[in-house]
Amino acid sequence: MKINKRRLIAKVLLLIIAFILIAFASPLRMVKYNLTYSNLPEAFDGYKILQITDFHCKEFGYQEEPLINMVKKAKPDIIVLTGDIVDEKHPIDNAVYLLEGLTKIAPVYYVTGNHEFVEGAPYQDFRYYCDKYGVEQLVNETTEIKKDGEKILISGLDFVSSTYNMKDKVGYADASYFNLLLYHDSSKFEFLSEYGYDLVLSGHGHGGLIRLPFLGGLIGTDYSLFPKYDYGEFHEKNSTMIASSGLGDARIPRWNNPRECVLIKLHKADN
């Protein structure tokens, strides 16, 4: 049987182009984690935390409705925003739509990322809208989340505060309680884990931007290759970190790296 080389080459090229288009399409998805802790209060068994990070004022349909509806469908108990919600390259409008929609679903907590502090970013305007819609901004502080007479602690470390100075900012976790820490930069998990927080939620790395099969994220935020804490679930000492690939764009286009929200369901370990 004679093979038509031109047709074969054309088919191969079409397959390659299709693969590239699919990989760069980067659809929006919800990624779910189930985490079990012995020190989690009974009242928080089944508690759901939804994380959004690195939004960068990305548009997901009219007034962010597809994104907001995805979050609403997940029925979270709280929503956490772990930085780079606004940046210096985009107007604030999409972030305002997002805040307005999310705060109708569940209590929202927010910590800064690096882009909020870049010259030209509408950070102060964003803080105004956080106040307007009742978003709790955690700037090197800890607060309580209460449910049915029990509580856990949630802390936020501001991005401009060095992780080396955590002791003077949010300090060590209170071992009497379950502790959740919000900090933008997942690459600092080795330092963060020294402070005893049960769960750390981060972003910043965009999942390594380009994700290679079997090898993971290719590029770190410092342009190093194959960053250690690129994406997913990590464990150091007694801490667990979830590093989300986030929602927005970076200088290098995403490849094989869908945009995501993260939903974490907490479980009380059986004694």
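Please refer to the structure higher up on the page.
Only a predicted model underlies this, so the values are computations on that prediction, with no experimental measurement involved.

Trainee: Would you mind showing me how to read the layout of surface pockets here?
Mentor: The gaps left among the atoms become clear once a water-sized probe is rolled over them. Approximately 410 Å³ is the volume attributed to the largest pocket. What lines the largest pocket is a set of 21 residues, and nearest its centre among them are His115, His206, Asp249, Ala250 and Arg251. Classifying every residue of the lining of the largest pocket gives 5 nonpolar, 9 polar and 7 charged.

Trainee: Got a minute to help me understand the sheet that holds strand β6 (residues 141–147) in this structure?
Mentor: Backbone hydrogen bonds are what pair the strands of a sheet, in a parallel or an antiparallel way. Ordered in space as β6-β7-β8-β9-β13-β12, the 6 strands form an open sheet in which the pairing is mixed. Each of the sheet's edge strands pairs with one partner strand only, and the pair in question is β6 and β12 (232–236). Across this sheet, the average inter-strand angle for adjacent strands is 25°, counted without regard to direction. Judged from the 4 bridges that link them, strand β8 (residues 179–185) and strand β9 (residues 199–203) form a sheet pairing that is parallel. Opposite Leu181, over in β9, you have Val200 as the bridge partner.

Trainee: Explain the sheet that holds strand β5 (residues 136–137) to me, please; I cannot follow it from the model alone.
Mentor: The 6 strands lie next to each other as β1-β14-β2-β3-β4-β5, forming an open sheet whose pairing is mixed. Looking at which strands have only one partner, the edges of the open sheet turn out to be β1 (28–37) and β5. Here strand β4 (residues 108–111) runs beside β5; their pairing, made up of 2 bridges, is parallel. Residue pairing for β5: Tyr110 is matched across the bridge by Gln137. The sheet strands contacting helix α2 (residues 65–74) are β1, β2 (48–52), β3 (78–82) and β14 (259–268), and the helix crosses β1 at an angle near 30°.

Trainee: Is there a simple way to explain the pattern of salt bridges in this structure?
Mentor: Inspection of the entire model under this criterion finds 9 salt bridges. Residues Lys58 and Asp249 are paired through a salt bridge, measuring 3.1 Å at the closest nitrogen-oxygen approach. Separated by 191 residues along the polypeptide, Lys58 in the loop between β2 and α2 and Asp249 in the loop between β13 (239–243) and β14 bring together distant segments of the chain. Accessibility expressed as a relative area gives 38% for Asp249, which makes it partly exposed. Here Arg211 and Asp230 are joined by a salt bridge, their closest N and O atoms 3.0 Å apart. Here Arg211 is found in strand β10 (residues 211–212), whereas its partner Asp230 is found in the loop between β11 (216–217) and β12, with 19 residues between them in sequence. The class for Arg211 is buried, based on a relative accessible area of 16%. One continuous salt-bridge network, built from bridges that share partners, spans Lys58, Asp249 and Arg259.

Trainee: In this structure, what is going on with the nonpolar core? I would like to understand it.
Mentor: Soluble globular proteins: nonpolar side chains tend toward being buried together. Counting 29 residues, the largest nonpolar core has Leu81 and Phe126 as the members making the most contacts within it. Broken down by secondary-structure element, the contributors of at least two residues to this core are β2, α2, β3, α3 (93–102), β4, α4 (123–133) and β14. The greatest single-element share of this core, amounting to 5 residues, is contributed by α3. With 27 residues, the next largest nonpolar core counts Tyr37, Leu40, Ala43 and Val262 among its residues.

Trainee: Whenever I open this one, α4 confuses me. Can you help?
Mentor: Along an α-helix, residues three or four positions apart point the same way, because every turn accommodates 3.6 residues. Here α4 has its buried residues at Tyr123, Phe126 and Cys130. One side of α4 holds all its buried residues, which, seen down the axis, span an arc of 55°. Every exposed residue of α4 that faces more than 90 degrees away from the buried side is listed here: Gln124, Asp131 and Lys132. Positive phi appears at Gly134, one or two residues downstream of α4, with a value of about 80°.

Trainee: Help me understand a negative patch on the surface, please; the structure alone is not making it clear to me.
Mentor: A contiguous patch of negative charge, built from Glu42, Asp45, Asp148, Glu150 and Asp270, is present on the exposed surface. Relative to the helices and strands, Asp45 resides in the loop between β1 and β2.

Trainee: Sorry, what's going on with the packing of aromatic side chains here?
Mentor: Both the distance between ring centres and the angle between the ring planes are used here to describe each pair of aromatic rings. By the definition in use, this model includes 11 aromatic pairs. Between Tyr129 and Tyr133, the ring centres sit 6.5 Å apart and the planes meet at 15°, which makes this aromatic pair stacked. Residue Tyr129 and its partner Tyr133 are located together in helix α4, separated by 4 residues, close to a single helical turn. The exposure class of Tyr129 is partly exposed, given its relative accessible area of 23%. Residue classification places Tyr133 among the partly exposed residues on the basis of a relative accessible area of 21%.

Trainee: Would you take a moment to explain the pairing of strand β7 (residues 150–156) for this structure?
Mentor: Regular strands have side chains that alternate between both faces of the sheet. Among the 7 residues that make up β7, 5 are buried, leaving the element largely enclosed by the rest of the structure. Where β6 and β7 come together, 7 bridges link them in antiparallel fashion. Within β7, the position partnered with Ile145 by the bridge is Ile152. Once β6 ends, the chain turns through 2 residues before running back antiparallel as β7, passing Asp148 with a positive phi of about 50°. Direction of pairing for β7 relative to β8: parallel, over a ladder of 4 bridges. Bridge pairing in β8 links Gly156 to Leu182.

The rules behind the values
- Residues numbered from 1 in each chain as written.
- Predicted model: local features only at pLDDT ≥ 70, side-chain atom pairs only at ≥ 80, totals over all residues.
- Heavy atoms only, no water.
- 1 Å grid on protein atoms, 1.4 Å probe; cavity = no way out; pocket = protein on both sides within 12 Å on 5 of 7 lines; lining within 4 Å.
- Points joined across faces, edges and corners; volume = space filled by probe spheres on them.
- Nonpolar A, V, L, I, M, F, W, Y, C, P; charged D, E, K, R; others polar.
- Pairing = 2+ DSSP bridges.
- Helix = DSSP H or I, 4+ residues; strand = E, 2+ residues; numbered from the N terminus.
- Axes fitted to C-alpha atoms, helices over the stretch in contact; angles between N-to-C directions.
- Contact = heavy atoms within 4.5 Å.
- Salt bridge = Lys/Arg side-chain N within 4 Å of Asp/Glu carboxyl O.
- Buried < 20%, exposed > 50% of the residue type's maximum accessible area, 1.4 Å probe, protein only.
- Core = buried A, V, L, I, M, F, W, Y, C linked by side-chain atoms within 4.5 Å.
- Arc of directions from axis to C-beta.
- Patch = residues over 30% accessible without salt bridge, like charges linked within 9 Å, V, L, I, M, F, W, Y side chains within 5 Å.
- Areas by Shrake-Rupley, 256 points an atom, 1.4 Å probe, with all protein chains shown as cover.
- Lys, Arg positive; Asp, Glu negative; His and termini not counted.
- Charge placed at Lys NZ, Arg CZ, Asp CG, Glu CD.
- Phe/Tyr/Trp six-rings, centres within 6.5 Å; stacked < 30°, edge-to-face > 60°.

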